[in-house]
Amino acid sequence: MEENLPMGEKKLSCADVSKCFQLLESILDGENVPNSQAMLQEKLAKCEPCFKHFHLEQAIREVLKNKCTKHCVPNELIANIREKIQEIK
Amino acid sequence: MSEVQRKKYSEQEKNHVFDKEFMPHIDSMYNFAFRLTFDEDDAKDLVQDTYLKAYRFINSFEQGTNAKAWLFRILKNSFINDYRRKSKQPAKVDYQEVETYYNSDDVDYTSTTDLRVDAVKDMLGDEISNALNSLAVDFRTVIILADLEGFTYEEMAKILDIPIGTVRSRLHRARNLLKDQLRSYAKTMGYNTEDEEE
C-alpha cells in the first residue's frame, strides 16, 4: 500500500486521506484497531499529512483532557440528593 | 442498558449500589450538566433529577455493569426531555436537525488545517473551555463524552442512542469545529497559523 521511500523521507501527500485519518482518529480514541501500533508507526514514518494530522489531533485530545476547566460540585448538592432520596423511600 | 427489570434489590442493596456505583460519578455528572446548561442552578437540578431517577429505576440497573454510562444516558435524556422543554432558550441546533442536515457517514476528512501543534499546547484552560462551550450542544456533547470522560464509541452510541458510525462522524466534525475556534484563538495570541513550510 505504501510506496518504498528512502529512510527519513516522507510522502508529501496522502493517497487516501479519508481512510487514513479515520484510522488515526480511531487509534487516538482508544478504539480496538487490529495491528494498530505497526500500522501507526509505518504511517507516521512515511506520510507527512498523516504525521501532522496525528500530532495535531493528539495535542487537541491532550489539552481537552488535561486543561479544560473543571467545575467543583456545590457542597449542598450531595446532601440535597440524599435528603430527596429519603423522602421517596 | 435495557429497561427490563431484572430483579428487585433489597433496601440494603439499593443503598449499596447507590453509594458505591452511582455517587462516585457525581463530579463527572455535574461537569457534564454544567457544560450542557452553563448555569450552576440548572446543572444542580439536572444532576439531582438524574440521581432521583437513577434511584427510582435502580432495579433496571444491573450491578457490575457500566454505571457511569447508565447515569450519563439518564442525564442526557433528562436534559433533552425536561430541561430543554422548560427552558425558554431555544437550543442552538437540534439533534435531529443536525442528523438530517449532515448525512451521517459521509464525512470530509480532507482536513487541511493550518493550526499548529505548539499553538494548541500553549492554550490556557479557559481558552480551551470557551472554544468547547461555543460549539452547538450535540457537537459539544460528543467531545465531552470522548475526550473529557473517556467513553468509547460503543458507550457513546448507547448514551446518545445513535449508531457507532454517527458517533465517529459527529466526533470528527465536532473536533473540526473546535479546531476552527482554536485557530482563531491562536491568531489572537499572535501565532503564525500559516503553514511555514510552504
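- As recorded in an unreviewed UniProt entry, chain B goes by RNA polymerase sigma-70 factor, ECF subfamily and comes from Mariniradius saccharolyticus AK6.
- Recorded in UniProt under Sequence similarities (unreviewed entry), the annotation for chain B is "Belongs to the sigma-70 factor family. ECF subfamily."

- The name given to chain A in an unreviewed UniProt entry is Anti-sigma factor, with the source organism recorded as Mariniradius sediminis.

1. Concerning helix H9 (residues 153–160) of chain B
Residue and element names in this part refer to chain B.
- Taken together, the buried positions of H9 are Tyr 153, Glu 155, Met 156, Ile 159 and Leu 160. One side of H9 holds all its buried residues, which, seen down the axis, span an arc of 160°.
- Once H9 finishes, Asp 161 follows within two positions and takes phi at roughly 55°, a positive value.

2. Things to note about the interface of chain B and chain A
- Across the contact, 37 residues belong to chain B and 31 residues belong to chain A.
- Counting residues per element, the ones that place at least two in the side of chain B that touches chain A are helix H2 (26–37), helix H3 (40–56), helix H6 (117–121), helix H7 (125–133), helix H8 (137–148) and helix H10 (164–188) of chain B.
- At 8 residues, the largest contribution of residues to the side of chain B that touches chain A is made by H3 of chain B.
- Considering only residue class, the side of chain B that touches chain A consists of 19 nonpolar, 9 polar and 9 charged.

3. Examining the domain arrangement of chain B
All names here are of chain B.
- For chain B, the assigned domains read domain 1 (11–86) and domain 2 (95–188).
- Tallying the contact residues gives 10 residues for domain 1 and 10 residues for domain 2.
- Every element with two or more residues in the side of domain 1 that touches domain 2 is listed here: H2 and helix H4 (67–86).

Rules used throughout
- Residues numbered from 1 in each chain as written.
- Chains lettered and ligands numbered in written order.
- Predicted model: local features only at pLDDT ≥ 70, side-chain atom pairs only at ≥ 80, totals over all residues.
- UniProt positions renumbered as here; feature names shortened; annotations may be inferred.
- Buried ≥ 20, exposed ≤ 12 C-beta atoms within 10 Å, placed from the backbone.
- Helix = DSSP H or I, 4+ residues; strand = E, 2+ residues; numbered from the N terminus.
- Arc of directions from axis to C-beta.
- Contact = placed C-beta atoms within 7 Å.
- Nonpolar A, V, L, I, M, F, W, Y, C, P; charged D, E, K, R; others polar.
- Domains from an automatic or database assignment.

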